[in-house]
Amino acid sequence: MQAVADPLSVTFAALADPTRRAILARLSRGESTVTELAKPFKISMPAITKHLKVLENAGLIRRSRDAQWRPCALEAAPLKEASVWVENYRQFWDQSFDRLDAYLAEIQTMETTNDQA
Amino acid sequence: MSLASDPAREIVVSRLLDAPRELVFSMWTKAEHLTRWWGPEGFSTTTHELDFRPGGSWRFTMHVPDGSNFPAVIKFQSVEIGRIEYDHEDLSGTVLFKSTVDLAEQEGRTLMTITTLFPTSVERDRLIREVGWDQGLKLTLDRLNQYLTSLLEANK
């Protein structure tokens, strides 16, 4: 099990907010302008901008610097990294449990054999 | 807010093991046992120190099938038969994550549940203060992972 890199913590912190997750869900279907992104939410434009800033700082979205509308787009790499980490961690334990299960069976069989001897 | 109650940063894994609780508990107490089951198939551990009591450490090197070795330190906070609590530290003593192992008896078998909290770091704590966490969030990392997978699928 390797240490968790700090960028991963930043990713999870950014994902901890439902509005930001909804924004990412929207962007997973294609890039969008800030105005379009704000539409489904009953929050102010500055609040949306703040969420976008968090997502941008976490590297989860990128915003075009030169286009007039500065559309936002999803950046998949950090999401992938977070997903892989969780999956690896889960597999580590699933497989440890498998070995523990087998080892416990072996020990109990030995005990039974010794008892009978 | 208490970091310990934040489901967005927890991973919970559990398994019903066909053995009594005392026996399952003892699997944590000896190096010869730990090396047989800690880590996936093909992994092994060399124990440098195992002091199984509150405040004591398990210092070990994990040998991975590809030939690489990872030194690791687990510091026990609590070692009761129903519950083991430990911090997974790096070699400098920084806590990477905190885990709780619950051992529950179920008709002669034992349900082992490991709950792991994400690492604490000054940087991350600062981020939590500034960004804020959704207190009502009921999302385990497992569900988060399903969400991540769906995002990645949609983005293809």
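Residues numbered from 1 in each chain as written. Chains lettered and ligands numbered in written order. Predicted model: local features only at pLDDT ≥ 70, side-chain atom pairs only at ≥ 80, totals over all residues.

## A word on the overall build of chain A
Going by this rule: Only DSSP runs of H or I covering at least 4 residues are called helices, and only runs of E covering at least 2 are called strands; the numbering of each starts at the N terminus. Buried residues are those with 20 or more other C-beta atoms within 10 Å of their own C-beta, exposed residues have 12 or fewer, and partly exposed residues lie in between; C-beta atoms are placed from the backbone. We call two residues in contact when their backbone-placed C-beta atoms lie within 7 Å.
Each helix and strand counted, chain A has 5 helices and 2 strands in total. In chain A, the succession of α and β elements from N to C terminus is α-α-α-α-β-β-α. Residues counted as buried form 26% of the 117 residues belonging to chain A. In chain A, of all internal contacts separated by at least 6 residues, the share reaching a separation of at least 24 is 54%.

## A short note on the overall build of chain B
Helix and strand content of chain B: 4 helices and 7 strands. When the helices and strands of chain B are placed in sequence order, the string is β-α-α-β-β-β-β-β-β-α-α. Sorting the 156 residues of chain B into buried and exposed places 22% on the buried side. For chain B, restricting intrachain contacts to residue pairs at least 6 apart in sequence, the fraction spanning at least 24 positions comes to 37%.

## With respect to unusual backbone geometry
Residue and element names in this part refer to chain B. The phi dihedral of Glu107 is positive, around 50°, even though this residue is not glycine. Relative to the helices and strands, Glu107 resides in the loop between β6 (95-106) and β7 (109-117). Owing to 4 C-beta atoms within 10 Å, Glu107 belongs among the exposed residues under this scheme.

## Focus on the nonpolar core
So the rule is basically this: Note on terminology: a nonpolar core is a set of buried residues of type Ala, Val, Leu, Ile, Met, Phe, Trp, Tyr or Cys, with members joined through C-beta atoms within 7 Å.
Judged by nonpolar contacts, the single largest core of 22 residues is most densely connected at Ala14, Leu27, Leu55, Ala58, Leu60 and Ile61 of chain A. Every residue in contact with Leu55 of chain A, bar those within four places of it in the chain, is listed here: Ala14, Arg20, Ile23, Leu60 and Ile61 of chain A.

## Things to note about the pairing of strand β5 (residues 83-89) of chain B
Residues and elements named next belong to chain B. Basically, it comes down to this: Note on pairing: DSSP must find at least two bridges between two strands before they are called paired.
Pairing of strand β4 (residues 69-80) with β5, which is carried by 7 bridges, proceeds in the antiparallel orientation. Looking at the pairing, Phe76 lines up with Tyr86 of β5. Both β5 and β6 contribute to a ladder of 7 bridges, which runs antiparallel. Across the sheet, Arg83 pairs through a bridge with Asp102, a residue of β6. Where β5 folds back on β6, the antiparallel hairpin that results is connected by 5 residues, among which Gly93 adopts a positive phi of roughly 95°.

## Some remarks on the confidence of the model for chain A
Residues and elements named next belong to chain A. Which entries qualify depends on this criterion: On a scale of 0 to 100, pLDDT captures the predictor's confidence in every residue.
Averaged over all residues, the pLDDT of chain A is 83; the fraction at 70 or higher stands at 91%. When mean pLDDT is taken per element in chain A, helix α4 (residues 45-57) scores highest with 92 and helix α1 (residues 6-15) scores lowest with 74. Taken as a whole, residues 1-5 scores under 50 in pLDDT and shows 8 contacts with residues more than four places along the chain or in a different chain.

## Some remarks on helix α2 (residues 18-27) of chain A
Convention followed: Taken from the helix axis, the directions to the C-beta atoms give the arc we talk about.
Those residues of α2 of chain A that sit buried are Arg20, Arg21, Ile23, Leu24 and Leu27 of chain A. Projection of α2 of chain A onto a plane perpendicular to its axis shows the buried side chains occupying an angular sector of 155°, all on one side.

## Points about the pairing of β7 of chain B
Residues and elements named next belong to chain B. When β6 meets β7, the two strands line up antiparallel, connected through 9 bridges. Pairing of Gln106 across the sheet is with Arg109, part of β7. Where β6 folds back onto β7 in an antiparallel hairpin, the turn is made up of 2 residues, including Glu107, whose phi is positive at roughly 50°.

## Things to note about the packing of α2 of chain A against α4 of chain A
Residues and elements named next belong to chain A. Put simply, the rule reads: To obtain each axis, a line is fitted to C-alpha atoms, and for helices this fit is confined to the stretch in contact; angles are then taken between N-to-C directions over 0 to 180 degrees. Oblique is the label for any angle not under 35 degrees, not over 145, and not in the 65 to 115 range, which are roughly parallel, roughly antiparallel and roughly perpendicular in turn. Side-chain classes are defined by residue name, with Ala, Val, Leu, Ile, Met, Phe, Trp, Tyr, Cys and Pro counting as nonpolar, Asp, Glu, Lys and Arg as charged, and the others, Gly among them, as polar.
At a minimum axis separation of 10 Å, α2 and α4 run at an interaxial angle of 75°. In terms of their interaxial angle, α2 and α4 are classed as roughly perpendicular. Residues Thr19, Arg20 and Ile23 of α2 form the contact with α4, whose own contacting residues are His51, Val54 and Leu55. Tallied by class, the residues present in the contact of α2 with α4 amount to 3 nonpolar, 2 polar and 1 charged.

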